[in-house]
Amino acid sequence: MIISMKLHATPQEVAQVRARIEEFGYKVHSIEGEERVVIGAVGVGDVTQCLDSLEAMPQVEKAVRISAPYKFVSREFRPAKTEITVREAVIGGDEFVVMAGPCSVESEKQILESADIAVRHGAKLLRGGAFKPRTSPYDFQGLEEEGLKLLDKARRATGLGIVTEVMSDRDVDMVASYADVLQIGARNMQNFALLKTLGKCGRPILLKRGMSSTIKELLMSAEYIVAHGNSNVMLCERGIRTFETATRNTCDITAVAVLNELTHLPVILDPSHATGKRSLVPALARAAVAIGADGMIVEMHPQPEKAVSDGAQSLDPKQYARMMADLKPYIALWKQARMAETAAVV
Ligand code: PEP
Ligand code: MN
């Protein structure tokens, strides 16, 4: 349920509404806004009686049921996009935000070079995994905390925000102490213990879609994080498993448009894991801009042929620079469309 208070409702009136909700046995999840307070409450079962009772209170403007199973992340709950500020960047605002860097942090030289190239051509965040989810236990597993320290160095050198994966709830506090954004990988999208821990980590989350997960499941996973206290979540389409083998995954590009209808959370596209092949990445990046994603996360490596993971899908510095230059006219159109959308919601 979402309860909008009348303009300038007093704290005492808000408290009365809260008490009424709790009398019905429902839980108040959030109270937002200053001039106009909006209360989010979650109730299991038929909430009709509670809604009627709340609407009868003089200080309440409107009390509505959210029909989607995901409540806090739904567009019904909040019509305007969530904006997430990460250092210089606002994700979900009026800039298309690029996050770029290697699949894995490999060495100081590699990550500092990557950061330098990333920032020079317009990225606002540096990506790089210090904890790597690998299919084979014999493959490189990541530099772990040492890798996080190198990312921190790269941030100091360039000012870029850092987005890096956390794989276990045990490591959340440690990764959060170095990273600006915590990435949850496709394989962990439904690791509910991890999702719950993220509610209190104090960092924005980049939640990647599981390779066999539906859009609804992705939204329910985001709901876990928000319901546990962290509303700064962005969603990432990174391709799903299908019968097609020409690409590493099949990019569900429509998911971006679907998510933009269903949720106010920012949506990011990962053209690297979605294709598995660097020659296809720039075309899909253009599609990300055209379809209205809020940004993209792309793999780029100073020497892809030497990368310890995902070299085949990593752009080299020249290809990355070219892609970023070629995207400019598309991003200019994206901005026009974004301004029109924002004006329509307000
Ligand atoms: C990655 O970003 O390098 C990664 C492992 O992504 P995903 O979880 O989407 O496979
Ligand atoms: Mn990768």
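Structure's up top.
Owing to the predicted nature of the structure, the values given are computational and were not obtained by experimental measurement.

**Student:** Give me the lowdown on the overall build of the chain, citing residues and values where you can.
**Tutor:** Within the chain, the regular secondary structure consists of 11 helices and 14 strands. Against the compact-globule benchmark of 20 Å for 346 residues, the chain has a radius of gyration of 21 Å, which places it among compact chains. With respect to the principal axes defined by its C-alpha atoms, the chain has extents near 65 × 45 × 45 Å. Looking at the 346 residues of the chain, the share that counts as buried comes to 52%. Accessible surface, the chain as shown: approximately 15500 Å² in total, 52% of it carbon and sulfur.

**Student:** Quick one: what's the story with the sheet that holds strand β4 (residues 60-64), residue by residue and with numbers?
**Tutor:** Within the open sheet, the 4 strands sit side by side as β2-β3-β1-β4. Their pairing is antiparallel. Strands with a single pairing partner mark the edges of an open sheet, and in this sheet they are β2 (27-32) and β4. Direction aside, the axes of adjacent strands within the sheet are offset by 20° on average. In the sheet, strand β1 (residues 2-5) pairs with β4 via 4 bridges, with the strands oriented antiparallel. From the neighbouring strand, Ile 3 faces β4, where its bridge partner is Ala 63. Against the sheet, helix α2 (residues 48-55) touches β1 and β4, its axis set at about 170° to β4.

**Student:** Mind laying out the pattern of salt bridges, listing which residues take part and the relevant values?
**Tutor:** Taken as a whole and assessed by the stated rule, the structure comprises 22 salt bridges. Connected through salt bridges with shared partners, the residues Arg 87, Asp 152, Arg 155, Arg 156 and Asp 180 form a single ionic network.

**Student:** Can you tell me about the packing of helix α7 (residues 215-227) against helix α8 (residues 254-262), naming the residues and giving the values?
**Tutor:** Here α7 crosses α8 at 50°, and the two axes come no closer than 11 Å. One finds that α7 runs oblique with respect to α8. Handedness of the crossing formed by α7 with α8: right-handed. Along its contact with α7, which presents Ile 215, Leu 218 and Leu 219, the element α8 presents Ala 255, Val 258, Leu 259 and Leu 262. Among the residues making up the contact of α7 with α8, the classes are represented as 7 nonpolar, no polar and no charged.

Conventions adopted
Counting from 1, residues in each chain are numbered in the order their sequence is written. Naming scheme: in the order in which they are written, chains are lettered from A and ligands are numbered from 1. In keeping with the model being predicted, local features are shown solely for residues with a pLDDT of at least 70 and side-chain atom pairs are shown and tallied solely at 80 or more, while totals for entire chains, interfaces and linings include all residues. Computation of side-chain values covers all heavy atoms of the structure but excludes hydrogens and water. By definition, any uninterrupted DSSP run of H or I lasting at least four residues is a helix, any uninterrupted run of E lasting at least two residues is a strand, and each is numbered from the N terminus. We compute the radius of gyration over the C-alpha atoms and compare it with the globule rule, which gives 2.2 Å times the number of residues raised to the power 0.38. Categorising residues by exposure relies on relative accessible area from a 1.4 Å probe, with only protein chains included: less than 20% of the type maximum marks a residue as buried, more than 50% marks it as exposed, and the intermediate range marks it as partly exposed. Each accessible area is a Shrake-Rupley estimate made with a 1.4 Å probe; only the visible protein chains count as cover when residues are assessed. The rule for pairing is simple: two strands pair if DSSP sees at least two bridges between them. Fitted lines through C-alpha atoms give the axes, limited to the stretch in contact for helices. The angle between two N-to-C directions lies from 0 to 180 degrees. Only heavy atoms matter for contacts: two residues are in contact if any of them lie within 4.5 Å across the pair. Any Lys or Arg side-chain nitrogen found within 4 Å of a carboxyl oxygen on Asp or Glu counts as a salt bridge. Each angle is binned into one of four classes, with values under 35 degrees roughly parallel, values over 145 roughly antiparallel, values of 65 to 115 roughly perpendicular, and all other values oblique. Handedness of each helix crossing follows the sense of rotation of the near helix against the far helix: counterclockwise by less than a right angle gives left-handed, clockwise gives right-handed. Three categories are distinguished: nonpolar for Ala, Val, Leu, Ile, Met, Phe, Trp, Tyr, Cys and Pro, charged for Asp, Glu, Lys and Arg, and polar for the others, with Gly belonging to the last.

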